[in-house]
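Residue-level structure breakdown
The residues making up each chain are set out below.
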Amino acid sequence: MDIVGFIVKLFLSPQVFAPIVFPGLLTALVVLLIIIWAERKIAARIQMRVGPLYVTRHLGGVLQMLADGTRYMFQEFIVPETADRIPFIVAPILALTLAILPFAFIPSAPGFSPISSPLTLPAVLAVISAIPISVLLMGWASNNKFSIQGAVREAFMSLGYEVPLFISAISMSILYGTMSLEEMVTKQFIPGLILNPIAAFTFLVSMIMSAGKLPFDIVEGEQEIVAGPYVEYTGIIFGIGMGLAYLKLYALSLIYTIIFLSGWEPLPKLLYDIYPGIAGIFLFVKAFLLMLFIVFLRSVYGRYRLDQALKIGWRVYFVLSIVSLILSLGLRVILNV
Amino acid sequence: MLSMSSEFVSSRLLFKEGDESTYELFIGPQHPASGHMRFIVRLKGDIIVSVDPDIGYVHRTMEKLAEGREAIKAIPLLERLTIIDSHNVTVALVTALERLLDAEPPPRALYLRTLLSEINRIASHLYGMGIAGIMLNHSTMFMWAFGDREVWIQLAEELTGARLTHTYSIPGGVRRDLPQGFKEKFEKAARYMEKRLQDYMKIFLLNPQIASRYEGVGILKKSEARRLSIVGPNLRASGVKYDARLADDYGAYKELEFEVPVREEGDCMARMLVRVEEIKQSLSIIRQVLEKMPSGPIFAEKYLKLLPPKTREQVLKTGHVKLPGIFASLKLPAGEAVARAEMGHGEIFYHIVSDGSTKPYRLRVVTPSFRNVVLFRYLPPGHRFMDFPAIYGSLDYFPPEADR
Amino acid sequence: MNGEKPSWLIEIVSKLSELGIRLDEAKNVLKMEVAPESLREAAKILIQYGYDHLASISGVDWSTKGTIEVIYFAESYEPEKRGTLIELKTATSRENPKLPSLVDLWPNALLLERETWEMFGVVFEGNPDLRRLLLPPDWSGPPPLRKDYRVVEEGIYVEYE
């Protein structure tokens, strides 16, 4: 039928399939469930414990986060009287929207990018760097001394990691000669990790700083400021706030895989012939393994002090990213790649 | 902003005029990392200007309660001061009562008291290290330390029958004898602990990230430590070699060889390293105790002969002491007695005044955490706000003990 | 004490006897009774000899005699002196208990004097910070550790005697 065929064609077009189904919104929610469970399970095994085991006993408690999310949905959403009402409600929704937007730019297979443009890399980085603004709004609207401290820390930290993140990404785009994420994969005859390891290292650490994982979980420092900007939120909005960091981590690790780990290579020809949208399976697997590694670091490190993290960001990683820029320029001239 | 009604006396320092650039935070009892107390922290930017510790949230009025109960009942009452370290709290009380009653415990009882004291000291230091770990959000150290405490609590259960509330010492001796097979179990536990201490060093104290949080933070100078009457590992990390086991005469410490670890730097890292060293020393003390344990009775002859003959035989055969009936209304001779002991947190001090009745007239106890409270006023000012949990964790402060 | 007395102990005893204080020795504790006026002098002498901090300040309420006795224990960390504690006993009247504060001589007396004030009602003149420590801030009853304070729970007196 005409209408049904139209809807199916619309659904399977890259502009709808990639941001919503894979590797976009739905996959992101599934990844969110599994990665939080994996973090708790890995940390528990290292710490001589069992971890979450109650919800689905036979599968090892995988659906624990689903149970938590369901519980959050039934909680009452309280807006404190002294809080600024409209920004209080709007800010987390804004944050969630900004956290989902990067998936509109990330391609999952050759020829299957939702927005085909020669400038997808700066666009996606710009969207990701707008998320701290909504966190600032959350902290200010709560009208609580602890959340303002958390918002101020978020402002400091975002200045600290944005510059090395951008410069490492730009140095790789200089090396490849293109700013489009799709073309970067085709230009990698050997993975970008080996071509420019300094940029890879700097981008990795800036990624950890941006997502707020240990040793840089300063914004939600529970021992000093009790969940920072998210402290006055209840119900599903609190769940969104906690999941926000993981969504940022997922988007950034997809970008990392595309730039440094040669994206979706090797492409499975069989799946690509059936439907190009599901051929990005290796992209997803590599990004997921990277996230598991970052989440494992929680069992090893404590938390850095704010001024120590800023010192590292500006004195060490900023300098290293400039060095990687020079390395890229040199490689470009020598190899003429 | 701060109008106080004039009926009740305020319990916190009032804001002065001109303090507007100071940012006041109440790290109150409803806070995941404040313990059972409140801190009123004043910040200028990120630098702490002053900290006012507001204690008294778990005040259980133990000194007043002890005045209304017979002397023997004070032992389980005061044991609940620091339940993680309970034998060290009661051994000082029992020594003071023995000095007042003029009763001498037999040598085997002294060795058994030393054994349980050292087991409790290891458990208390592990608790302190776990709390220090979670204050820096290092959850692995927290979980490992609390998991390894289980080993020592089970050893104490072998010896006394209870995991935490031992009530082991009584005036005249101890309540239970050493069970069979204790030495092998202890050797297994000691080997496990030595391996784990190396793990702790690798993941926590030698971790460069933790070292950057701890080194040079919260330095306590030697002269200040002496004047402010600081006790415990906090004092020994500032270069003062003082231990109540050397100062007062209780237990079997005069016949054992052990070292008191001392470090000179006085910062948070030194305090944690002193605790690790003390655990190793406690392991060596327990080994010596198990080797040199003399045989004999565990309860003083003076009280044993007050039991009926059948019960006396049963006591000597099984090693479980039954208290003679006179203990329920033991008359304390008029006078005073003073005793000190070394807990995991520091030195505890008892002073008993008696007027000849069965209940003590005044029981005064000064706990190590009460003496360490002044450090919250003197150490943090000048540091950054995120150093405050690091300093708190390294001091091993225990609120229920400070408030009594 | 076993055998001969160390020289610093003899000097302390002689200097304090000059102030007219009665001394006594038993089982590692040097006891003395001091009048409130000579308390600061005795403290200065003890600090000179290395007893630089207090172990405790406690009050004892002798309701039959009508006095509150305040007992100070001075302690030293030095190796020869740590086995001996020095006990200073003072007595003040029950109706109007006042004592000079020793905070400038022994700094750790700050919290100990606060506790004695709130539990017994003894006012230490010169203490810069005399406010509640362990009791709740809206406590309006008499000082609790006095013998005439009876605990009331749910409307009835709870007797311990």
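Before any of the text, the structure's been laid out above.
What counts and what doesn't
Residues numbered from 1 in each chain as written. Chains lettered and ligands numbered in written order. Predicted model: local features only at pLDDT ≥ 70, side-chain atom pairs only at ≥ 80, totals over all residues. Contact = placed C-beta atoms within 7 Å. Helix = DSSP H or I, 4+ residues; strand = E, 2+ residues; numbered from the N terminus. Axes fitted to C-alpha atoms, helices over the stretch in contact; angles between N-to-C directions. Parallel < 35°, antiparallel > 145°, perpendicular 65-115°, else oblique. Left-handed = near helix turned anticlockwise from the far one by under 90°. Nonpolar A, V, L, I, M, F, W, Y, C, P; charged D, E, K, R; others polar. Pairing = 2+ DSSP bridges. Buried ≥ 20, exposed ≤ 12 C-beta atoms within 10 Å, placed from the backbone.

1. Thoughts on the interface of chain B and chain C
The interface of chain B with chain C comprises 28 residues on the first partner and 28 residues on the second. Mapped onto the side of chain B that touches chain C, the elements with two or more residues apiece are α1 (62-67), α8 (222-227), β7 (347-354) and β8 (362-366) of chain B.

2. So, the packing of helix α11 (residues 268-292) of chain B against helix α16 (residues 387-395) of chain B
Residue and element names in this part refer to chain B. Running from N to C, α11 and α16 point in directions that differ by 25°, and their axes come no closer than 9 Å. Judged by the angle between their axes, α11 and α16 are roughly parallel. The crossing of α11 and α16 is left-handed. Listed contacts from α16 to Cys268, Arg271 and Met272 of α11 are Ala390, Ile391 and Ser394. Classifying every residue of the contact of α11 with α16 by side-chain character gives 4 nonpolar, 1 polar and 1 charged.

3. Notes on the sheet that holds strand β6 (residues 335-342) of chain B
All names here are of chain B. Read across the open sheet, the 3 strands follow the order β6-β7-β8; overall the sheet is antiparallel. What marks the edges here is a single partner per strand, and that holds for β6 and β8. In this sheet, adjacent strand axes meet at a mean angle of 10° when their direction is disregarded. Note that β6 and β7 share 8 bridges and pair antiparallel. If you follow Gly335 over to β7, its bridge partner there is Ser354. Packing against the sheet, helix α3 (residues 86-101) makes contact with β6 and β7, and its axis sits at approximately 150° to β6.

4. Quick notes on the pairing of strand β4 (residues 67-75) of chain C
All names here are of chain C. Burial analysis of β4 places 7 of its 9 residues in the buried class, the great majority of the element. Relative to β4, strand β3 (residues 53-62) runs antiparallel, the two being bridged by 9 bridges. If you follow Ser56 over to β4, its bridge partner there is Phe73. Where β3 hands over to β4, the hairpin turn is made up of 4 residues, of which Gly66 adopts a positive phi near 80°. As paired elements, β4 and strand β5 (residues 85-93) share 8 bridges and run antiparallel to each other. Its bridge partner being in β5, Glu69 is matched across the sheet by Ala91.

5. Some details on unusual backbone geometry
Across the junction of Leu214 of chain A and Pro215 of chain A, the peptide omega takes the value 5°, indicating a cis bond. Its place among the elements puts Pro215 of chain A in the loop between α11 (197-211) and α12 (222-225). In the Ramachandran plot, Asn143 of chain A falls in the positive-phi region, its phi being about 55° despite a non-glycine side chain. Along the polypeptide, Asn143 of chain A turns up in the loop between α7 (131-141) and α8 (145-176). One non-glycine residue, Thr167 of chain B, adopts positive backbone phi at about 45°. Relative to the elements of secondary structure, Thr167 of chain B occurs in the loop between α5 (139-160) and β4 (169-170).

6. Considering the interface of chain B and chain A
The figure often quoted for interface size is the accessible area lost as the parts come together. Tallying the contact residues gives 22 residues for chain B and 23 residues for chain A. When residues of the side of chain B that touches chain A are traced back to their parent elements, those giving at least two are α5 and α7 (208-214) of chain B. At 5 residues, the largest contribution of residues to the side of chain B that touches chain A is made by α5 of chain B. Taken together, the residues that form the side of chain B that touches chain A break down as 12 nonpolar, 8 polar and 2 charged.

7. Digging into the environment of Leu271 of chain A
Residue and element names in this part refer to chain A. Assignment of secondary structure puts Leu271 in helix α14 (residues 269-274). Accessibility expressed as a C-beta count within 10 Å gives 15 for Leu271, which makes it partly exposed. Those residues in contact with Leu271 that lie beyond four places of it in its chain are Ile278, Ala279 and Ile281.

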